[in-house]
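So the chains spell out like this:
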Amino acid sequence: MARKFLSQPDEELYNFLHNHIYYCEEFKDWYWKKRPTRETYIDDVVGYKAESGYIYVRVLGKLYTLHRLIWFMHNMTWPVDCIDHIDGRRDNNCIDNLRDVTRAENNANRVADHNNSNGHRGVTFVKKNKTNPWQVRIVHKNSVVISEKFSSYELAVEAAQKVYESLGLRYE
């Protein structure tokens, strides 16, 4: 890869990352190859996992999310907006699992919320509607893509899956 021009702080960070961390394909994780501090040892896993599921690491006195550092390390530029974990796992920081996306694209690629009782994004149960109680409503880029009611849960899920696939988005 051709080297891009980096500011002095970014050049220092870029060199530090390349000299101090490596990715282990076997264990699918990032490790220290040099000790950055007295408390950290060679072959320790880089960073710590927060409640949010993201991995944080302190480098050169500043706290970063590991996925942004990995993006920077491989692309020699900071992401424009958000870094999306393609598989939805916030702790999977393999470069093949990361992509630079807009906030809207990142939100569209979310997994179902933890309080979603049926497990499918865009599918809800409407108690008042006796004949077609399952509703599918999907909004993409501020436009309603589908807003239909279905007689069965299975038909609603199938419709939602087709819409998400047609948009090129993950559906779980």
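Higher on the page you've got the structure.
Note that the structure is a prediction, hence the values are computed from the model and not measured. (Residues numbered from 1 in each chain as written. Predicted model: local features only at pLDDT ≥ 70, side-chain atom pairs only at ≥ 80, totals over all residues. Heavy atoms only, no water.)

(A) Broad picture of the pairing of strand β2 (residues 29–32). Here β2 shows no split at all, with Asp29 and Tyr31 on one side and Trp30 and Trp32 on the other all buried. Relative to β2, strand β1 (residues 21–24) is paired through four bridges, and the arrangement is antiparallel. In the strand pairing of β2, tyrosine 23 is matched with tryptophan 30. The loop that links β1 with its antiparallel partner β2 comprises four residues; one of these, lysine 28, has a positive phi angle of about 55°. (Buried < 20%, exposed > 50% of the residue type's maximum accessible area, 1.4 Å probe, protein only. Helix = DSSP H or I, 4+ residues; strand = E, 2+ residues; numbered from the N terminus. Pairing = 2+ DSSP bridges.)

(B) Structural detail: the sheet that holds strand β3 (residues 48–49). Taken together, three strands build an open sheet; the order of strands is β3-β4-β5 and the sheet is antiparallel. Two strands bound the open sheet, and with one partner strand each, they are β3 and β5 (62–65). Pairing of β3 with strand β4 (residues 55–59), which is carried by two bridges, proceeds in the antiparallel orientation. Paired with tyrosine 48 across the strands is tyrosine 56, a residue of β4.

(C) Spotlight on the state of the cysteines. This model, assessed by the stated rule, comprises zero disulfides. No disulfide involves cysteine 24; its sulfur sits 11 Å from the nearest other cysteine sulfur, which is in cysteine 94. By relative accessible area, cysteine 94 is classed as buried at 15%. (Disulfide = S-S within 2.5 Å.)

(D) Looking closely at the side chain of histidine 20. Looking at the element boundaries, histidine 20 is found in helix α1 (residues 8–20). Ignoring sequence-local partners within four residues, the contact set of histidine 20 consists of Tyr31, Trp32, Lys33, Lys34, Arg35 and Pro36. (Contact = heavy atoms within 4.5 Å.)

(E) Representation of the sheet that holds strand β8 (residues 123–125) within the structure. Taken in spatial order, the three strands of this open sheet run β8-β9-β10, and their pairing is antiparallel. Where the open sheet ends on each side, the last strands, each with one partner, are β8 and β10 (143–150). Between one strand axis and the next, the sheet turns through 20° on average, direction left out of account. Relative to strand β9 (residues 134–140), β8 is paired through three bridges, and the arrangement is antiparallel. Bridged to valine 123 within β9 is valine 136. Contacts from helix α4 (residues 153–166) reach β8, β9 and β10, with the element oriented near 10° to β9. (Axes fitted to C-alpha atoms, helices over the stretch in contact; angles between N-to-C directions.)

(F) Inspection of the packing of aromatic side chains at higher detail. Counted by the stated rule, this structure contains nine aromatic pairs. On the numbers, 6.3 Å between centres and 85° between planes, the contact of tyrosine 14 with phenylalanine 72 is edge-to-face. Residue tyrosine 14 is found in helix α1, and its partner phenylalanine 72 is found in helix α2 (residues 66–75); the two are separated by 58 residues along the sequence. Residue class for phenylalanine 72 comes out buried when judged on its relative accessible area of 0%. A connected cluster of aromatic rings, assembled from ring pairs, spans Tyr14, Tyr64, Phe72 and Trp78. (Phe/Tyr/Trp six-rings, centres within 6.5 Å; stacked < 30°, edge-to-face > 60°.)

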